[in-house]
Amino acid sequence: MRVATKSLYQGIQQRILNLSSALKKVNEKVASGKNFSRPSDAPVSMVSALGLRTTLSHIEQYQRNMEIGKLWLNLSETAINQTSGLADRAQKIALQMSNGTQMEETRAILAAEVGHLLDQAISLGNTQLAGKYIFAGYRTRTAPFSRTTVGGIETAEYRGDANDFEIRIGKDEKVSVGKNGQAVFVDTGLFDALGTLKAAIENNDVNLIRQQAGILQQVEDSLNIRLADVGIRQNRLMGKQEVLATLNKNIQDRLADTENIDYARAILELKERQTAYEVALAASAKISELSLQDYLR
Amino acid sequence: MQGISAVLNIAKSALRVQQVAMEVASNNIANVNTPGYTRQTALLENQASFLPSATKLGMGVQIASVVQAFDQSITRTIHQNTSVLAENEAKASVLSYLENIFNETSGQGLSQALNEFWSAWQELASNPEGIPERTALLGKGDILWKHFNSMSDQLHQVIRSMNTYLGGAIAELNQTTERIAFLNEKITAAESNGTLANDLRDQRNVLLEKLSGLVGTMYYENENGSLTVMTSDGTPLVEGNQSRKLIQDGNRIISGQGGADISQRLAGGKIGAWLDIRDEIAPQYLANLDELAGTLIQQVNAQHLGGYALSGETGLYFFEDFVTLPALPNSGNFTGAAGFIRLSSDIRGKPANIAAGGISGAPGDNENALRILNIQTDDTSQIRKWTYENRGANRVSNLQNANMDDYYRTLAGDMGILTAGVNQSRDFTQTMLFHLEEARSSISGVNLDEEMTELLKIQRAYEAAAKIIAIVDELLQSLLRV
C-alpha cells in the first residue's frame, strides 16, 4: 500500500494521542482510587453504588434511632424495677401489720413509710430523659404523675395520655420504646394500693391491710410482667443491632468493591501503558529519521 | 519534417515535457502538508506523426493531461463519517456537562441531599419536640430544594445556550455554501475548455468536508462540474452558482425567506447534535426532574397537611403549594416543579410549625413524622417517567412504581448510559475516519520518497534529452566539416 508522508506523521500523532489518553485514564484511577469519576465511566456500577449508599444511610439512621430507643428502654427498666421493689417493700409492711397487735408508734412510723413509698413511686413515674417525661405518652413536657386524694385515700393522678412513643428500626418495622404511664403504673393499681394501705394502717383496719398485702403481690407481679416486656424489646433492639451492624459492614464492603480500584491491577496496568507509550515514542523517533534524501548524496 | 532536424525537435519536446513533469512533482512536494491537497500526476503520451510515412515514427512526447489521484467513493464516505463524528463530538461535549449536573459519584448530588432530608425526618421522629432537630430539618429541606432549583437552572441554561451555538453554526454554514456556489461558478468556467480545474476542486472538497461537519449533507456533481448540495433531508443548500441561506428565527430554522421550519428535520453534524440536545435530550431530563420534584411536593404536603405543629395547629404546608390551574406547576401537571420547589411560608423560619404530630401538638407525638418517612421507602408510589422522541414531537409518559430514591437513581444511570454510548460511538467513528483518511491518503496523499524518485527519473530523462541535442550538434558539425 502507498503511504502518504503526511499520513505517516498523522498516524504517529494519532497513536501517541490514543496512548496518552489511555495513560491519563489509568493515572486518574490510581490517583483517585476510584473506578469511576463520572456517571458515563460506569453507569451500572454508579447506579448500584448509589443504591448501596442510600441503603447505608437508612441503616445508619436506624442504628441511631436504636441508640435512642435503648436509652428509653434502659431508663424504663430501671424505673419499673425500682417501682417493683417499692411494691415489694409495701407488701412486706402489709404482711407485718396484718398480725394485728401493733404498737400505735410502729403504726405511725410504717404509715409514714408507706406514704414515702407513694411519693417515690410518683417520682419514678415522673422519670425524665433529657428533659422529657418518658411515662407521659406524647405529653413529654408535663410531669405525668402528681399526688392527689380521692375519697380520703391518697393516690396519684395521671395527666399524660394513652399513646406509646415509637421509633423506626427498619423499613416497615417500628418498636415502642416509651409505654405510657397509664399502662405501666396506673393499671397495676399500685398507687391506689399504697394509698389504701396507708389509710388502713392509720385506722388499724387489719382486714383491709391483709387484703392490700394480696393486692400488692399482684401489683408486683404486674410490674414484673412489664419489666419482662421491656426486656423483650431490649433484646429485639440488640438482635436488630447485630443484624444491622453485619449488614452495614457487608454493604460497605460491596460499596468499596464497586467504587474502589484494585490497586495491584491498576498499577500493573499503569506500568503496561507507560511501557507502551515509551515504545511508541521510541519507534516514532526511528521512523521519522528515515528518508530517501539521506541516501542520495 | 524528417531527419536530423526531426530528432532535434523530438529532443526539444522531451526537454519541455520533462520540465512540466518536474513542475508537477515539485508542486506535489510543496503541498505535502496542505490539507485537502490531492496528488497530481502528469500523464505523458507519444506525439503521433501526422505525416504519411512508411516508418510511422512518433514525433516526440507531449502532456496528455495533469490528473488528480482522487477516489470519489472514499471521499463520499469520509464526508458522511465527518458528519457523524462532528455530531457525536458536539453531543459528547454537551453531555459531559449534562452528566455533571447528574454526577453522583462524589456523593454530593441530589441523591445525597434526598438522603440527608429523610435522615433529618428520622432525627425529628426520634425527638419530635426538639427545636434543634426541627431547625436541622428545615436546613436540609433548604439544601434539597435549592439543589432541585440549581439542576433545573442548569438544564434550562443548556437548552438556551444551544440556540447561541446553532446561530454560530448556521452563520458558518451559510458562509460555506456561499463559497461552494462561488467555486461552482469558477470550476464550470475553467473546465468549459475540457481541462480539469484540479486546485479549485481541492478547495471545494475542503469546504464540503467542513459543511458535513456542520450538518448531514447529500450532493451530486453535474455534467458541467458544478456540485448540487442538499442537507440529508433534501433541503437544497447549493445549486449551480446559487446558495440557499438557512435563517435562524428563535427556535425555528427556515430555509430561504418565508420557508417552513426545518429544525425538526435537520440531522447530523454539529447542528443535528445541538438540535437533539435542545429539543429532546435536555427537555426529557428536565421533565423527569420536574416529575420527581412535583411528586415530592405532593406527597410530603399531603401527609404534612394532616399533621399537627407543636402549637396544635394543623393544615400547614411543608413545601410551597402548587399554583392553581392553568398556571404551572399544578397538582395535575408538574412542569416546572424542579424550579418552583421551595419551603412554604408556613414553616420557613418557623421550626415549631413542622407537623411532626399525628394526633395533637403534644411534644412527644411523632406519628406524622413516621408517616412522612414512609414516603421515602414507599415502592408503590407512582411517578411519571417521560420519554421524548423525534425532537420532542412525541412525548410519552409511563407510570413507574418506584420510590423517589430509586426513580432518581434510574435517571442518573440513564444519563450515564446515554453519555457512555455517545462517547463510544464518537471514539468508534474517530477510529473509522482515521482509517478512511489513511485509505484516502494512500491514494491522494503525497509521499516524499516517491516524488523524490520521480524527480530522479525526470532528471535522468532530461539529461538524456540534452544528450540527444549534444549528439545532434556533433552530427551537424561533422556535416558542416565535410
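Everything here concerns the structure above.
Novice: Go over the interface of chain B and chain A with me, naming the residues and quoting the values.
Specialist: How big an interface is tends to be expressed through the accessible area that disappears when the partners come together. Taken together, the contact between chain B and chain A spans 60 residues of the former and 47 residues of the latter. Across the chain B to chain A interface the summed buried area is about 4600 Å²; carbon plus sulfur atoms make up 52%. The three residues of chain B that bury the most area against chain A are B:Thr105, B:Ser126 and B:Arg409, which together make up 14% of that side's buried surface. The interface formed by chain B and chain A includes five salt bridges. B:Glu123 is paired through a salt bridge with A:Arg64; the nearest N and O atoms lie 2.4 Å apart. For the pair chain B and chain A, the interface holds 26 residue pairs in polar contact (both at pLDDT 80 or more). When residues of the side of chain B that touches chain A are traced back to their parent elements, those giving at least two are helix H2 (72–101), helix H3 (110–126), helix H8 (367–377), helix H9 (404–444) and helix H10 (448–481) of chain B. Here the side of chain B that touches chain A is composed, by residue class, of 19 nonpolar, 28 polar and 13 charged.

Novice: Could you give me a rundown of helix H7 (residues 263–289) of chain A, with the residues and numbers involved?
Specialist: Residue and element names in this part refer to chain A. Helix length check: H7 (27 residues) gives 39 Å between terminal C-alpha atoms against 39 Å at 1.5 Å per residue, within 8%. Those residues of H7 lying buried are Ala266, Leu270, Ala280 and Ser284. Packing partners of the buried residues in H7 comprise helix H1 (5–32). One side-chain oxygen at the N-terminal end of H7 lies 3.3 Å from the backbone nitrogen of Ala264; it belongs to Asp262.

Novice: Tell me about the environment of A:Gln63, and name the residues and values.
Specialist: All names here are of chain A. Looking at the secondary structure, you find Gln63 in helix H2 (residues 43–97). Taking the C-alpha atoms as reference points, Gln63 and Glu242, separated by 179 residues in sequence, lie 9.9 Å from one another. Not counting chain neighbours up to four residues away, the residues in contact with Gln63 comprise Leu244, Ala245 and Asn248.

Novice: Could you give an account of the packing of H2(A) against helix H5 (residues 190–203) of chain A, naming the residues involved and the relevant values?
Specialist: Between two packed helices, the angle of one axis relative to the other and the distance separating the axes together describe the packing. Residue and element names in this part refer to chain A. Interaxial distance between H2 and H5 falls to 11 Å at its minimum, and their mutual angle equals 30°. With respect to H5, the axis of H2 lies roughly parallel. Considering only the axes of H2 and H5, their crossing is left-handed. In contact with Thr83, Ala87, Ala90, Ile93, Ala94 and Met97 of H2, H5 contributes Leu190, Leu194, Leu197 and Ile201. When the residues that make up the contact of H2 with H5 are grouped by side-chain class, the tally is nine nonpolar, one polar and no charged.

Novice: If you had to explain the packing of H2(A) against helix H3 (residues 104–125) of chain A to someone new, which residues and values would you point to?
Specialist: Residues and elements named next belong to chain A. Taken N-terminus to C-terminus, the directions of H2 and H3 make an angle of 165°; their axes are 10 Å apart at the nearest point. By the angle between their directions, the pair H2 and H3 is classed as roughly antiparallel. Along this stretch, H2 crosses H3, giving a crossing that reads as left-handed. Along its contact with H2, which presents Ala79, Gln82, Thr83, Leu86, Arg89, Ala90, Ile93, Gln96 and Met97, the element H3 presents Arg107, Leu110, Glu113, Val114, Leu117, Gln120, Ala121 and Leu124.

Novice: How would you explain the pattern of salt bridges if you had to name every residue and give the values?
Specialist: Summed over the entire model, instances satisfying the criterion amount to 42 salt bridges over all chains. The partner of B:Asp379 in a salt bridge is A:Lys171, and the shortest N-O contact between them spans 3.0 Å. Remark: A:Lys171 occurs in the loop between strand E5 (165–170) and strand E6 (173–178) and B:Asp379 occurs in the loop between H8 and strand E9 (382–389); the pair is interchain, linking two chains. For B:Asp379, a relative accessible area of 36% translates into the label partly exposed. The salt bridge partner of B:Glu454 is B:Lys457, with a shortest N-O separation of 3.3 Å. Taken together, the positions of B:Glu454 and B:Lys457, both in helix H10 and three residues apart, correspond to about one turn of that helix. Overall, B:Lys457 belongs to the exposed group, its relative accessible area being 53%. Within this structure, A:Asp119, A:Arg147, A:Glu154, A:Lys198 and A:Glu202 form a network of salt bridges that share partners.

Quick notes on the rules
- Residues numbered from 1 in each chain as written.
- Chains lettered and ligands numbered in written order.
- Predicted model: local features only at pLDDT ≥ 70, side-chain atom pairs only at ≥ 80, totals over all residues.
- Heavy atoms only, no water.
- Contact = heavy atoms within 4.5 Å.
- Buried area = accessible area lost by both parts, 1.4 Å probe.
- Salt bridge = Lys/Arg side-chain N within 4 Å of Asp/Glu carboxyl O.
- Polar contact = N/O pair within 3.5 Å; in protein donor to acceptor, adjacent residues only side chain to side chain.
- Helix = DSSP H or I, 4+ residues; strand = E, 2+ residues; numbered from the N terminus.
- Nonpolar A, V, L, I, M, F, W, Y, C, P; charged D, E, K, R; others polar.
- Expected span 1.5 Å × (residues − 1).
- Buried < 20%, exposed > 50% of the residue type's maximum accessible area, 1.4 Å probe, protein only.
- Axes fitted to C-alpha atoms, helices over the stretch in contact; angles between N-to-C directions.
- Parallel < 35°, antiparallel > 145°, perpendicular 65-115°, else oblique.
- Left-handed = near helix turned anticlockwise from the far one by under 90°.

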